[in-house]
Amino acid sequence: MKKSSILFLQTVLVLVGIVALIIMIRLPLTEGRATNLDLFRIYSDPLILYAYAASIPFFIALYKAFKLLEYIGQNEAFSLNSVSTLRSIKNCAIALSILIILAGIYIRIFHNKEDDPAGFIAICIAMTFVSFVVATAVSVFEKILQNGLDIKSEIEQLQSKK
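Since we're looking at a predicted model, the values are computed, not measured.

(A) Just the overall build of the protein chain, in detail. Helix and strand content of the protein chain: six helices and zero strands. The order of α-helices and β-strands along the protein chain, N terminus first, is α-α-α-α-α-α. For the protein chain, whose C-alpha radius of gyration is 20 Å, the value lies well above the compact-globule estimate of 15 Å for 162 residues. Overall size of the protein chain, expressed as C-alpha extent along the three principal axes, is 75 × 30 × 20 Å. By residue count, 30% of the 162 residues in the protein chain fall in the buried class. If you take every contact in the protein chain between residues at least 6 apart in sequence, the share linking residues at least 24 apart comes to 72%. Accessible area for the protein chain stands at about 11,100 Å²; split by element, carbon and sulfur atoms hold 70% of it. Both charge centroids of the protein chain, one from 15 positive and one from 12 negative side chains, sit 8 Å from each other.

Next comes the structure, spelled out in structure tokens:
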């Protein structure tokens, strides 16, 4: 893969992380319940704190994707580091989907009876679907990479015996 393509993809990952951080900082300030609250009460809301804690796997996965692109740039795509990185990304996607499901269940059970949680639940369903798709795709890539790594090691063993 060309260095320019890898640099472009790494830049996109950094921009996704920055946009996610901006959304996480700005969204609580514009949310409906926050209009009459001070900054401390806004950011000490249990659901906001949970969202910040649940975002940790997302940012870990972004970092691991960045590292994977570095490995590809160093022509180490078929290495144990790449397989391990893909496994970490898959685990982060699974963890994120579980955390999103838990948030949806929490809102469904404990929401204000005057409030309609349908929008939040719909977002939870969509984000869970996206996380599962990412986990599935990464799992397929991980298996392909592992098979390639196994074939590469078999070829090296055969060549060393000659």
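(B) Broad picture of the packing of aromatic side chains. A complete count under the given rule lists three aromatic pairs for this structure. Here the aromatic rings of Tyr 43 and Tyr 52 are separated by 6.4 Å at their centres, their planes lie at 20 degrees, and the arrangement is stacked. Given a relative accessible area of 24%, Tyr 43 falls into the partly exposed group. Ring geometry for Phe 58 against Phe 59: centres 5.2 Å apart, planes inclined by 75 degrees, an arrangement best described as edge-to-face. In this structure Phe 58 comes out as partly exposed when scored by relative accessible area, which is 27%.

Calculation notes
- Residues numbered from 1 in each chain as written.
- Predicted model: local features only at pLDDT ≥ 70, side-chain atom pairs only at ≥ 80, totals over all residues.
- Heavy atoms only, no water.
- Helix = DSSP H or I, 4+ residues; strand = E, 2+ residues; numbered from the N terminus.
- Rg over C-alpha atoms; globule rule 2.2 N^0.38 Å.
- Buried < 20%, exposed > 50% of the residue type's maximum accessible area, 1.4 Å probe, protein only.
- Contact = heavy atoms within 4.5 Å.
- Areas by Shrake-Rupley, 256 points an atom, 1.4 Å probe, with all protein chains shown as cover.
- Lys, Arg positive; Asp, Glu negative; His and termini not counted.
- Charge placed at Lys NZ, Arg CZ, Asp CG, Glu CD.
- Phe/Tyr/Trp six-rings, centres within 6.5 Å; stacked < 30°, edge-to-face > 60°.

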